[in-house]
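Structural description and commentary
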Amino acid sequence: MTTAVAVDRRRTAAHPAARRRRLLVGLAVCLVVLLVVCVVSLMVGSHALSPGTVLETLRHRGDDEASLIVWDKRLPRTLVGVLAGLALGLAGTVMQGLTRNPLADPGLLGINAGAAVAVVVAISAFGVTSVAGYVPFAFVGAALAAVGVYGVASVGREGATPTKLALAGAAVTAALTSVVTAVLLTSTPAISQLRFWQVGALAGRGSEVAAQAVGPIVVGAALALALGRALDGLALGDDVARALGQRVGRVRVVAAVSVVLLCGTATAAAGPIAFVGLVVPHAARRFVGHDYRWLLAYSAVLAPAMLVACDVVGRVVAYPGELEVGIVTAVVGAPVFIAIVRRGREVTL
Amino acid sequence: MPVTATRRPRALAALAATLAAVVTLAGCSSDGGSGDGAAPTSTTPAAATDAFPVTIPSALGSATIEKKPERVVTWGWSAQDAVLALGVVPAAMPKYTYGGDAQGVLPWDAEKITALGGTTPTILSGADTGEVPFEEIVAAKPDVILAPYSGLTQEDYDKLAKIAPTVAYPDQPWATTWQDVTTIVGKALGLADQAKQLVADTDAYVTKLGGENSVLKDKTFVYGAANQADQLTVYKPTDPRVQLLNQLGMTTSPSVAALDPKKDDSYFYTVSYENVSKIDTDVLVAYFDDQAAADKFASDPLIAAMPSVKSGAFAPIVGQSFVMASSAPSALSIPWMLDKYVPQLAAAAEKAQ
């Protein structure tokens, strides 16, 4: 008996360091994966270019076709993909921790829908025509939606519980989505502009979109990555978190700000992309466990890898055309979503 | 008149449709149903000899029209153009949010309704979403439903056929020539001879226009659109847009068939901007809602590098009504748009290398 306990103690004592090493190595592997995916994203596209040609083009940017393809198309869409993926992965992880809901996705709290409504309003009422012009609007829309959802969920004595947040998010999403539909049915300028945006895509965004998205995403990502320990506390329940000395209210506000920054910017830049923010934290959780500091780090690396990889797949499966990345992530993500729902054990966290 | 049709405007529209039908059909000796009391007018030849009942086959089922229809409901594109061109104002027709006026009526339809002294028909909702507004169609009390250029499903068709005899597309959805649309509509309305004449007149007009702009002869073209991010939509030869340019004497670029990923019944496919260099064409035609969209398209580095665009042989069709006219050509829309567009097209063709 006593020896068994002692062995157990020794094992747990030795565990953290070994676990830390294992997780660090894992994270390094994930970084390599992301790097490889990005290189593949420059090499592979709808128009077959040999790796040699691509490398030559990267060394000497000319005005030949290969240069245009690599520099003006593949490079910007890879950058947008990395940024949007980072944003969606972190936002999904934060939201899962914040709501204690493993099905949380940037779509859940009405964030994407809020951004979408704002973009539609930007186009139809303010005549905004460039994707770069959507970003501030989507940002405000995402923030308003988040505040609205949080406000609705906070009504009542027990405050914004995870269940109420999820329900309020679903309701607000439904309402906002119908607003988008209503505007689309009556405003033709909005339709023609939204064609390029309403299916999430990394193509056609250009480097100026990536440049405009960098700022808010970096700030949002910094906030999100700093939330790890707080989210670990929240996972134990509000009361325990408070007992541990956490200011639960402030954590929630910081988390909400980071989610709004990340989702608003990602949605404005790429359009609505589902499932990345859901699937990646779950995949990471299988390896990392429930430690949010590591979960956030893993999601920040794996989500861009997944998004850019999905984009590469979309480029080659529909020759001579392409499949938008939003469609590819849905095809990949939907079965995972169903698997998560079916595995009820994890749903209760 | 507001578009929200109440009972009264609907009744007025019906009356107008009936009157228009009566005036046009005047002198149809074989028709005893609606022609009674109407005196033959001097301008309308007493040519129609169609006998009802008439049975019109379609891909989804055949429609038997027992007597000359008075209340005509159209669905899909172009059918209302053909009905109006034959002098009949429909009882109800789809709303054209795109290219239409505030009520959703296309400019050439509005002009023709005015010319016929008719009242704006009931405007059916849902055309932009593809959902058939069954209740609105029931309320329009149709004698016949004409949807020869539409995307009706078998399920839609079966429901519509319970409301009134329904004429769907003869072969594939969204792949009926405007000539066939006109002929089918003419047959359904008992105006087959007039329809034949209308097609011949319009064809002659297009051919004449092509002849007057000889630079178009045998120039190859690709008919495209920019509807998806960094992808060029390419319309196939089955599309009326393409066929209209064929009629002007131009030739569909061989690249359209060469790049076609699957030779199925779809009427377009997309080409990634990465692959537009594989398109070999003298002239590039594409439609845009406004000049800004056209400029943005042409300034994409890969599009700008296409030889056709580089040489100035890019002939954008700009403006929603123009887009609609060229996308759904008909006996009404063709003259409306070609007079303005063909000079631009010819100027672009001059620059082709």
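As a starting point, this report considers the structure included with it.

Cut-offs applied
Residues numbered from 1 in each chain as written. Chains lettered and ligands numbered in written order. Predicted model: local features only at pLDDT ≥ 70, side-chain atom pairs only at ≥ 80, totals over all residues. Heavy atoms only, no water. Salt bridge = Lys/Arg side-chain N within 4 Å of Asp/Glu carboxyl O. Helix = DSSP H or I, 4+ residues; strand = E, 2+ residues; numbered from the N terminus. Expected span 1.5 Å × (residues − 1). Buried < 20%, exposed > 50% of the residue type's maximum accessible area, 1.4 Å probe, protein only. Axes fitted to C-alpha atoms, helices over the stretch in contact; angles between N-to-C directions. Parallel < 35°, antiparallel > 145°, perpendicular 65-115°, else oblique. Left-handed = near helix turned anticlockwise from the far one by under 90°. Contact = heavy atoms within 4.5 Å. Nonpolar A, V, L, I, M, F, W, Y, C, P; charged D, E, K, R; others polar. Bend = angle between axes of the 7 residues up to and from the residue.

Between side chains of opposite charge, a pair can form as their charged atoms come close. Residue and element names in this part refer to chain A. Within this structure, the stated rule accounts for 16 salt bridges over all chains. The partner of Arg59 in a salt bridge is Glu56, and the shortest N-O contact between them spans 3.4 Å. With Arg59 and Glu56 both in helix 2 (residues 51–59) and three residues apart, the pair spans about one turn of that helix. One network of salt bridges, in which partners are shared, links Arg77, Asp311, Arg315 and Glu322.

All names here are of chain B. In this model, helix 6 (residues 178–189) (12 residues) spans 16 Å end to end at C-alpha, consistent with the 16 Å of a helix rising 1.5 Å per residue. The buried fraction of helix 6 is high, at nine of 12 residues. Along helix 6, the residues that are buried comprise Trp178, Gln179, Val181, Thr182, Ile184, Val185, Gly186, Ala188 and Leu189.

This part covers the packing of helix 13 (residues 320–327) of chain B against helix 14 (residues 333–350) of chain B. Residues and elements named next belong to chain B. Interaxial distance between helix 13 and helix 14 falls to 9 Å at its minimum, and their mutual angle equals 120°. It follows that helix 13 is oblique to helix 14 by the angle criterion. The hand of the helix 13/helix 14 crossing is left-handed. Contacts from Ser321, Phe322, Ala325 and Ser326 in helix 13 reach Ser333, Trp336, Met337 and Lys340 in helix 14. Partitioned by chemical class, the residues of the contact of helix 13 with helix 14 number four nonpolar, three polar and one charged.

The next thing to look at is helix 14 (residues 325–342) of chain A. Residues and elements named next belong to chain A. Taking 1.5 Å of rise per residue, the 18 residues of helix 14 would be expected to cover 26 Å, and the 26 Å separating its terminal C-alpha atoms lies within 8% of that figure. Largest kink in helix 14: about 30°, centred on Gly333, with the proline Pro335 one to four residues after it. The complete set of buried residues in helix 14 reads Val325, Gly326, Val328, Thr329, Gly333 and Ile340.

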